[in-house]
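Residue strings, one per chain:
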Amino acid sequence: MKQVNDSLLKVVDLKKYFSIAKGMVRREITYVRAVDEVSFDIDHEKTLGLVGESGCGKTTVGRTIIRLLDPTSGQILFSDDHQQTDIAQLKSRQLREMRRNMQIVFQDPQSSLNPRRTVRDTIAEPLQILEGLKGERLEIRVLELLEDVGLNPEHAQRYPHEFSGGQRQRIGVARAIAVNPKLVILDEPTSSLDVSVQAQILNLLLELQREHHMSYLFISHDLSVIRHMCDRVAVMYLGQIMEAGDIKEVFRDARHPYTRALLSSIPVPDPGKKRQHIILEGTVPNAINPPSGCRFHTRCPFAKSICSTQEPREYTAGQGHRVKCHFPDLQFD
Amino acid sequence: MSQARTSRRARSERELEELVRRRRENLKDKIKFAVVFVAILVVFGWIYTTLNREATLGPIDMSLWSHRILVVCIFFTAFYLFLKFAYRYFDRIFFKYKTNTWELMFRRFKRNKAAVVGVLIIITLSVMAVFAGLLAPYPDPGNPRNYDHEYALQHLAEPPSRTHILGTTRNGKDMLSVLIHGSRISLALGLSVELTAAFIGTIVGSIAAYYGGWVDKVINVINDIVMAFPFLLFIIVLVAILRDVNIVFAVPFTDFVLFDTQSLVQLWNGLALVFLALAVLSWSSIYRVVRGQILSVKEMEFVEAARAVGAKDRRIIIHHILPNIISPIIVLVTLGIAGVILTEASLSYLGFGAQEGAVSWGRAIFEGRQYATTSKAFLVFFPGLAIVLSILGFNSFGDGLRDALDPRMKR
Amino acid sequence: MPLLDIQDLKTYFFTEDGVVQAVDGVSFDIEPGQKVGLVGESGCGKSVTALSIMRLVPDPPGRIVEGKVLFQGRNLLDLNKEEMRRIRGASISMIFQDPMTSLNPVFTVGSQIDEAIQLHQGLEPVEAREKTIEMLNLVRIPNPDGVVEEYPHELSGGMRQRCMIAMALSCRPKLLIADEPTTALDVTIEAQILDLMDDLNDRLNTALLLITHDMGVIAEMCEKVAVMYAGTIVEMADVRTLFNDPQHPYTIGLLSSIPSIDIGREDLKIIPGAVPDLINPPSGCRFHPRCAFAKGICKRERPELVQVGNGHYVACHR
């Protein structure tokens with residue numbers, strides 16, 4: 001019998017607004033609409049990529065899903081053993097219980113590790129808090145995890161500053177998989193690493209996914225890395241998802257002008273291929289006052305008058321391929 | 001590649017158990033070290049309390065300089081051995097800083113000549129304070145039983161001589177003994193005030209910074225008020241009032257007196273008041289530093305990471321935030337001790353700190369103040385010199401410590 | 001005669017932990033109007049090379065210990081401070097990675113560009129301001145009259161980088177050194193800036209030394225490429241040859257560890273190990289501990305750059 005809910009995680013109309021108070025006397029509140037009605041699914045043991053440039057809200061989505069930030073509205077439905085829980089509604093103790101199922105790997109390995117605690121302390125922390133491990137069992141588990149991520153057990157007593165960037169990121173990964181979560185948010189895990197180290201870490205992540213049957217939400221701005229790591233992808237711009245779908249299909253047949261522009265802007269390491277850049281004019285607008293209608297219309301080379309007045313709905317352009325544009329069937333040259 | 005890992009894992013399970021066993025042995029070493037440390041503390045404490053009252057010890061005759069030098073040498077040797085012993089164990093037990101981080105800080109510190117001199121001064125002061133009874137040529141001037149009236153009357157305010165190396169005070173007490181015993185007050189007051197202030201400042205700062213909002217605003221206002229307080233003026237007024245007025249706290253309907261302010265004024269010859277006033281007023285600088293540091297550390301990613309693995313607020317503050325802000329606090333405390341010494345001296349000089357009978361450097365200056373411009377200026381000069389040297393020592397040490405702990409300094 | 005000719009440049013840093021051999025014998029040249037790329041990972045010494053050319057290496061602890069930097073025939077290392085200062089900004093300009101920290105936050109961008117112009121061309125403020133607006137137009141900044149009055153923090157990353165470029169090109173230098181100019185920018189903005197730099201290079205005939213770790217940027221922008229590893233150049237060729245026929249194991253490894261946009265979900269080929277410590281670099285060839293093809297000689301002798309093809313040089317014992 002087919003399961004009612006196939007996905008591990010179902011995000012429905014997620015909104016995260018940050019309020020900033022302006023002015024001293026009159027105190028008017030304005031909102032930064034960092035995430036504005038985002039919906040997507042992540043299937044079991046699959047990887048969803050979240051792509052976008054800085055300020056698009058992808059990092060905020062990642063943090064809101066695991067409740068490092070509290071959502072303004074929307075549902076975050078986690079399905080585990082036929083039981084569905086809305087992460088957005090959980091309170092402290094249940095939330096802590098929930099954390100055993102979802103973890104995060106941060107972007108900067110230098111600042112995400114406490115410089116005053118040993119590697120062993122850092123990795124042991126989730127085991128102590130979320131699984132209540134103690135004593136010898138705890139120590140052995142820590143050393144096992146270190147080996148799993150390709151580090152030596154002797155490294156357990158060292159401090160973060162004694163390691164290289166790639167090694168520190170491995171420690172971060174070890175911390176994230178310590179409690180065997182079903183879902184791991186990877187927030188630009190290789191953006192601060194060199195290319196050769198990046199390759200090592202990406203390989204490690206793929207291997208761990210196969211072994212531990214985890215799902216990934218891979219957040220990045222680097223489309224080549226996304227292509228390499230993900231099964232499905234969602235493209236974000238200014239707090240909304242502009243296009244989402246199977247990765248091969250989106251990359252082969254992108255329907256949204258923004259996706260097209262992104263794909264064409266990537267410098268490709270092949271001097272033979274001279275790509276036709278779709279050069280976007282202007283810069284990303286402010287998330288406090290997003291443009292009316294379609295948020296992308298101010299920079300879209302194909303914008304028509306309807307784009308500035310009406311917000312486009314989502315069109316389905318194929319199996320699971322959604323596009324948020326008034327002209328999803330536009331032919332690009 | 002995962003196949004290689006599983007076989008690797010099977011082989012090294014023995015190694016893992018080996019590592020765990022090693023850590024447990026280190027725990028035993030830790031306990032041994034702690035016991036030895038406590039024992040040494042107990043011995044020091046005994047020496048401090050008992051020997052300072054009686055100036056003579058059994059077979060060692062403290063009136064002989066040769067014996068005194070012997071005692072000091074024994075002390076320094078013991079201390080040196082202790083350090084060597086502790087350093088070796090330190091490394092093994094704590095298993096920390098296997099690379100040269102600790103040594104690096106040590107090296108950087110040693111390069112700062114002024115700081116090294118500062119440390120030496122502090123060590124000298126500490127030795128003087130702990131072994132005052134042994135080192136002082138004449139018995140404790142603070143103990144009225146040791147006051148030989150006849151002798152004193154014959155030797156009022158004598159300039160330095162062979163029997164009194166730094167001369168005598170206006171009351172006929174030996175100046176060197178007064179200075180040596182005075183160091184006890186300076187150190188004790190400095191440490192206790194600063195530690196209390198650090199305690200208060202850290203707790204209040206942590207609460208304000210971590211919880212923010214109106215709590216933060218309220219505490220900030222309180223802190224501003226405290227900072228704006230004129231120290232000396234406050235104490236002077238307080239002492240002046242309390243001298244004339246006696247407020248008695250008693251259990252209602254009985255004659256049982258819990259506490260009365262007059263005895264507080266006289267407690268420890270006035271120094272209790274100094275301690276209270278300073279402790280209450282000096283937490284503001286520590287508070288500001290702690291709050292600032294926590295505000296910046298609070299936003300760091302590893303704090304978020306701790307939250308992501310389910311850590312509660314208390315755990316985050318104690319395990320993640322505080323260890324990262326301890327360095328500036330230590331530096332502030334060190335520099336604060338110098339400030340306390342100075343303040344105590346100023347207050348005593350003005351007559352509002354240490355009262356009659358207290359043995360403190362400031363009090364010595366107070367007693368000699370009329371002679372500052374006369375031929376008997378040594379009455380003021382020697383205590384003043386002691387104050388200057390100790391403040392310089394603590395300041396240099398604090399500066400050197402700050403430079404050594406700051407990871408960004410390159411020179 | 002090449003515009004810039006670097007011969008056996010060595011820059012060391014004398015720190016309390018030891019001597020960091022950041023640049024250890026680098027030689028290459030740039031023809032007038034040519035676009036040359038210097039590529040390598042962090043710590044390979046490419047930024048230090050650029051700073052050495054401009055003689056901006058912080059003097060304690062760094063020092064150029066050997067080599068020649070010939071600019072239009074003159075050795076820049078022989079010039080005194082005043083002469084070097086006249087070259088900087090006017091004949092050779094440099095732009096950096098993070099425009100936020102290279103622009104002074106307390107001055108408007110207009111005044112900063114004016115300053116550069118006034119210093120080197122000795123114009124009056126009014127004339128300088130005209131030139132500034134001309135430059136801003138050249139770098140395609142919309143509304144230059146408004147932008148001159150803005151402060152750096154009021155502009156976006158892309159705009160700031162354009163201002164940097166405007167400042168750098170205001171005196172029509174012969175050579176522009178760009179140190180990771182687009183690394184901090186979003187991909188769409190990066191595309192704009194690269195496009196702009198390409199266009200300006202053609203129009204003003206400025207030579208370009210582009211320093212980056214991004215092979216894609218190199219492929220798009222450069223005519224000639226030098227690959228650096230641990231302070232030395234391991235391979236140098238024109239751009240097509242480098243990508244189509246790399247010879248040095250490091251270059252090959254680097255190219256195959258980049259995820260491609262066309263294929264996915266299979267493990268990337270990785271270069272084992274990590275970048276060496278430059279205080280105690282490996283003996284002989286610096287890459288030998290990580291090289292799959294290492295032989296005995298690789299540990300003993302450091303390979304020289306030898307020509308293996310037309311304009312193609314490799315430093316390897318194979």
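The structure presented is a predicted model; accordingly, all values stated were derived computationally and were not measured.

Focus on the overall build of chain B
Of regular secondary structure, chain B possesses 16 helices and two strands. Across the 411 residues in chain B, those meeting the buried criterion constitute 31%. Long-range contacts, defined here as pairs at least 24 residues apart, represent 69% of the contacts in chain B between residues at least 6 apart.

Here's the deal with the overall build of chain A
Tallying secondary structure elements over chain A gives 10 helices and 12 strands in all. For chain A, with 333 residues in total, the buried portion stands at 51%. If you take every contact in chain A between residues at least 6 apart in sequence, the share linking residues at least 24 apart comes to 64%.

Here we look at the sheet that holds strand β12 (residues 312-314) of chain C
All names here are of chain C. Read from one edge to the other, the open sheet built from eight strands follows the order β6-β7-β8-β3-β9-β10-β12-β11, with strand pairing classed as mixed. This sheet does not close on itself; its edge strands, each paired only once, are β6 (92-95) and β11 (306-309). Neighbour to neighbour, the strand axes of the sheet diverge by 20 degrees on average, direction disregarded. Of the strand pairs in this sheet, strand β10 (residues 232-238) and β12 are connected by two bridges, and their pairing is antiparallel. Bridge assignment links Glu235 to a residue of β12, and that residue is Val314. Sheet strands touched by helix α1 (residues 46-54): β3 (35-39), β6, β7 (175-179), β8 (207-212) and β9 (224-229). Its angle to β7, the strand with the most contacts, is close to 145 degrees.

Structural notes on the interface of chain A and chain C
Facing the 33 residues of chain A at the interface are 37 residues of chain C. With seven residues, helix α6 (residues 195-212) of chain A is the single largest residue contributor to the side of chain A that touches chain C. Across the side of chain A that touches chain C, the residue classes break down as 17 nonpolar, 12 polar and four charged.

A few points about the sheet that holds strand β4 (residues 62-71) of chain C
Residue and element names in this part refer to chain C. Spatially, the four strands line up as an open sheet ordered β2-β1-β4-β5, and their pairing is antiparallel. Edge positions in the sheet fall to β2 (18-30) and β5 (74-75), since each has one partner strand and no second. Sheet topology places strand β1 (residues 4-15) next to β2; nine bridges connect them, and they run antiparallel. Within β2, the residue paired with Phe13 across the bridge is Val20.

Regarding unusual backbone geometry
With the exception of glycine, the majority of residues adopt a negative phi angle, and the majority of peptide bonds are in the trans configuration. Here Asp13(A), not a glycine, exhibits a phi torsion of approximately 50 degrees, which is positive. Note that Asp13(A) resides in strand β1 (residues 7-22).

Remarks on α6(A)
Spanning 18 residues, α6(A) covers 26 Å between terminal C-alpha atoms, matching the ideal 26 Å at 1.5 Å per step. Among the residues making up α6(A), those that are buried are Val195(A), Ser196(A), Val197(A), Gln198(A), Ala199(A), Gln200(A), Ile201(A), Leu202(A), Leu204(A), Leu205(A) and Leu208(A). Turning to α6(A), the residues buried within the fold contact α5 (165-177), β7 (183-187) and α7 (223-229) of chain A together with α11 (249-256) of chain C. Among the residues trailing α6(A), His213(A) stands out with phi positive, at a value near 55 degrees.

Quick word on the environment of His326(A)
All names here are of chain A. Looking at the secondary structure, you find His326 in the segment after β12 (322-324). C-beta crowding within 10 Å serves as the criterion here: with 19 such atoms nearby, His326 is assigned to the partly exposed category. Considering only alpha carbons, one finds His326 and Cys307, 19 residues apart in sequence, at a separation of 7.0 Å. When sequence neighbours within four positions are dropped, the list of residues in contact with His326 reads Cys294, Ile306, Cys307 and Pro312.

Considering the environment of Thr47(A)
With respect to the element layout, Thr47(A) can be found in strand β3 (residues 47-51). Considered as a pair, Thr47(A) and Ile241(A) are 194 residues apart in the sequence and their alpha carbons are 17 Å apart.

Describing the pairing of β7(C)
Residue and element names in this part refer to chain C. The buried fraction of β7 amounts to five of the five residues, a majority that puts the element mostly inside the structure. Here β7 shows two buried faces, one formed by Leu175, Ile177 and Asp179 and the other by Leu176 and Ala178. Summarising the sheet, β6 and β7 pair through four bridges and their orientation is parallel. Directly across from Met94, in β7, lies its bridge partner Ile177. The handedness of the β7 to β8 crossover, carried by helix α8 (residues 187-204), is right-handed.

Quick word on the packing of helix α4 (residues 109-121) of chain C against helix α7 (residues 157-169) of chain C
Residue and element names in this part refer to chain C. Their axes nearest at 8 Å, the elements α4 and α7 cross at an angle of 20 degrees. One finds that α4 runs roughly parallel with respect to α7. Taken as a pair, α4 and α7 cross one another with a handedness that is right-handed. Contact residues: Val109, Gln112, Ile113 and Ala116 in α4; Cys163, Ala166 and Met167 in α7. Looking at the contact of α4 with α7, its residues break down into six nonpolar, one polar and no charged.

A short note on the nonpolar core
Residues Leu217(A), Val235(A), Leu209(C) and Val225(C) are the most contacted members of the largest nonpolar core, which totals 264 residues. In contact with Leu209(C), other than residues within four places in its own chain, are Ile30(C), Val36(C), Leu38(C), Ala50(C), Leu175(C) and Ile177(C).

Observations regarding helix α8 (residues 213-228) of chain B
Compared with an ideal rise of 1.5 Å per residue, which puts 16 residues at 22 Å, α8(B) spans 23 Å between its outermost C-alpha atoms and is within 8% of the ideal. With one of its 16 residues buried, α8(B) lies for the most part at the surface.

Observations concerning the environment of Pro189(A)
Residues and elements named next belong to chain A. Residue position: Pro189 is located in the loop between β7 and α6. Overall, Pro189 belongs to the buried group, with 30 C-beta atoms counted inside 10 Å. Along the backbone, Pro189 and Arg210 are 21 residues apart, and their C-alpha atoms lie at a distance of 18 Å. If sequence neighbours within four positions are ignored, Pro189 has contacts with Val105, Gln107, Gln169 and Ile201.

Re the confidence of the model for chain B
All names here are of chain B. Residue-level pLDDT values for chain B average 77, and 78% of them are 70 or greater. Per-element mean pLDDT across chain B ranges from 62 in helix α2 (residues 65-94) up to 90 in helix α13 (residues 301-308). In this model residues 55-60 is a low-confidence stretch, pLDDT under 50, and it forms eight contacts with partners more than four residues away in sequence or in other chains. Confidence drops under pLDDT 50 across residues 92-100; counting only partners more than four residues distant or on other chains, this segment forms 10 contacts. Scoring the predicted complex yields pTM 0.79 and, for the interface, ipTM 0.84.

Describing the pairing of strand β8 (residues 215-220) of chain A
Residue and element names in this part refer to chain A. The element β8 is extensively covered by neighbouring structure, given that six of its six residues are classed as buried. Here β8 shows no split at all, with Ser215, Leu217 and Ile219 on one side and Tyr216, Phe218 and Ser220 on the other all buried. Pairing of β3 with β8, which is carried by five bridges, proceeds in the parallel orientation. The residue of β8 that forms the bridge with Val51 is Ser220. What joins β7 to β8 is α6, and the crossover it makes is right-handed.

Rules and cut-offs
- Residues numbered from 1 in each chain as written.
- Chains lettered and ligands numbered in written order.
- Predicted model: local features only at pLDDT ≥ 70, side-chain atom pairs only at ≥ 80, totals over all residues.
- Helix = DSSP H or I, 4+ residues; strand = E, 2+ residues; numbered from the N terminus.
- Buried ≥ 20, exposed ≤ 12 C-beta atoms within 10 Å, placed from the backbone.
- Contact = placed C-beta atoms within 7 Å.
- Pairing = 2+ DSSP bridges.
- Axes fitted to C-alpha atoms, helices over the stretch in contact; angles between N-to-C directions.
- Nonpolar A, V, L, I, M, F, W, Y, C, P; charged D, E, K, R; others polar.
- Expected span 1.5 Å × (residues − 1).
- Right-handed = clockwise from strand over helix to strand, strands pointing away.
- Parallel < 35°, antiparallel > 145°, perpendicular 65-115°, else oblique.
- Left-handed = near helix turned anticlockwise from the far one by under 90°.
- Core = buried A, V, L, I, M, F, W, Y, C linked by C-beta atoms within 7 Å.
- pLDDT = per-residue confidence, 0-100.

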